[in-house]
Amino acid sequence: MATALLTHADCLDHVTPNGHPERVARLEHILLALEPLDLKRVTAPLAADDDLLRVHPANYIADIRDSRPIEGFKQIDGDTFMSPGSVDAAYRAAGAAVRAVDMVVRGEVSNAFCAVRPPGHHAETETAMGFCLFGNAALAAKHALDHHGLSRVAVFDFDVHHGNGTQELLWDERRALVITSQQMPLWPGSGRPDETGAYETVLNIPLPPGSGGTEMRSAYEAQAFPRLRAFRPELIIISAGFDAHQDDPLASLNWTTSDFAWITGELCKIANEMCDGRIVSTLEGGYDLNALSEATRAHVEELMKAAR
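Residues numbered from 1 in each chain as written. Predicted model: local features only at pLDDT ≥ 70, side-chain atom pairs only at ≥ 80, totals over all residues. Heavy atoms only, no water.

**As for a negative patch on the surface**
A cluster of acidic residues, Asp63, Asp66, Glu126, Glu168 and Asp172, forms a negative patch on the protein surface. Along the polypeptide, Glu168 turns up in helix H6 (residues 164–169). (Patch = residues over 30% accessible without salt bridge, like charges linked within 9 Å, V, L, I, M, F, W, Y side chains within 5 Å. Areas by Shrake-Rupley, 256 points an atom, 1.4 Å probe, with all protein chains shown as cover. Salt bridge = Lys/Arg side-chain N within 4 Å of Asp/Glu carboxyl O. Lys, Arg positive; Asp, Glu negative; His and termini not counted. Charge placed at Lys NZ, Arg CZ, Asp CG, Glu CD. Helix = DSSP H or I, 4+ residues; strand = E, 2+ residues; numbered from the N terminus.)

**A few points about the layout of surface pockets**
Of the pockets and cavities examined, the largest pocket occupies roughly 170 Å³. Lining the largest pocket are 16 residues; nearest its centre among them are Phe131, His161, Trp187, Leu250 and Tyr287. Considered class by class, the residues forming the lining of the largest pocket number 7 nonpolar, 5 polar and 4 charged. (1 Å grid on protein atoms, 1.4 Å probe; cavity = no way out; pocket = protein on both sides within 12 Å on 5 of 7 lines; lining within 4 Å. Points joined across faces, edges and corners; volume = space filled by probe spheres on them. Nonpolar A, V, L, I, M, F, W, Y, C, P; charged D, E, K, R; others polar.)

**Let's talk about the packing of aromatic side chains**
Evaluation of the coordinates by the stated rule reveals 11 aromatic pairs. Both rings, one in Phe131 and one in Tyr287, keep their centres 5.8 Å apart while their planes meet at 80°; by these two values the pair is edge-to-face. Taken together, the positions of Phe131 in the loop between strand S5 (111–114) and helix H5 (136–146) and Tyr287 in the loop between strand S10 (279–283) and helix H9 (289–307) put the pair 156 residues apart, joining distant regions of the chain. For Tyr287, a relative accessible area of 6% corresponds to the buried category. Arranged with centres 5.9 Å apart and planes meeting at 55°, the rings of Phe158 and Phe260 form a pair that is tilted. Of this pair, Phe158 sits in the loop between strand S6 (153–157) and H6 while Phe260 sits in helix H8 (residues 257–274), placing them 102 residues apart in sequence. Residue Phe158 shares its accessibility class with Phe260, and that shared class is buried. Pairwise contacts between aromatic rings join Phe156, Tyr220, Phe225 and Trp262 into one cluster. The aromatic ring of Tyr199 is capped on one face by Arg174, whose charged end is 3.9 Å from the ring centroid. (Phe/Tyr/Trp six-rings, centres within 6.5 Å; stacked < 30°, edge-to-face > 60°. Buried < 20%, exposed > 50% of the residue type's maximum accessible area, 1.4 Å probe, protein only. Lys NZ or Arg CZ within 6 Å of the ring centre and 35° of its normal.)

By themselves, these observations are geometric and do not establish any function.
Quick look at the structure:
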């Protein structure tokens with residue numbers, strides 16, 4: 001069994017203004033770091049609107065398409081921009097998540113990583129924000145539940161910023177467990193422990209600024225992993241943000257590359273216990289290029305070890 005890598009050149013055509021942290025170079029560095037690895041390389045398809053409709057209404061999808069500028073940039077909010085290539089990139093990012101779920105659930109591969117942009121975990125039902133247009137991880141979960149008929153899917157988000165979009169999109173979904181750790185206080189300001197979802201299926205783990213891997217590992221072992229095992233997921237979806245790294249410019253947690261490898265390895269162990277190793281991971285944040293590419297490679301190498 002193999003680890004799949006899903007990506008598409010269209011994701012490099014989502015261009016942001018000079019100086020913007022969510023830039024083309026992020027994906028270029030990741031793909032260069034992953035190039036030597038023996039992965040099953042898959043071209044990410046365009047998502048179908050029927051797939052997007054699992055988490056976003058038709059009017060929002062149309063608004064995103066209509067916001068595509070002919071040239072230059074269209075500013076969606078204070079830090080979210082679209083360029084002429086952004087719509088296709090967003091459709092590829094969502095399509096990668098859907099295709100990865102198909103491959104993993106059908107047993108074509110053990111697990112998969114979607115090297116795509118724009119990211120997705122801040123996109124709410126009708127609101128693009130935080131660099132995100134479509135809710136890729138939430139969409140992957142709904143596709144697994146509704147299309148493949150799974151009973152329980154877990155989304156595990158270790159990005160340094162709270163995945164407010166994923167939480168909102170899956171708030172009323174009793175079949176999906178959302179576990180997310182985030183620096184607090186930090187934008188977007190959500191992610192308190194008392195935000196638990198309509199069916200108590202949301203677990204938020206705030207981490208204080210300046211804390212590092214030791215604090216994270218203790219919190220995960222005490223809270224996240226027991227809750228994940230108790231839920232007994234049939235598929236684990238990872239929102240893989242690497243901006244908790246100590247070198248990242250947008251936050252102040254002090255994780256190292258080895259911490260990301262540890263998280264991934266532990267999630268692979270749980271997946272092997274609970275759901276035949278089935279994991280779909282999709283890229284979220286991470287803005288120091290060297291830290292991002294190094295941590296992403298460590299993440300994917302752990303997926304590969306688990307697939308053997």
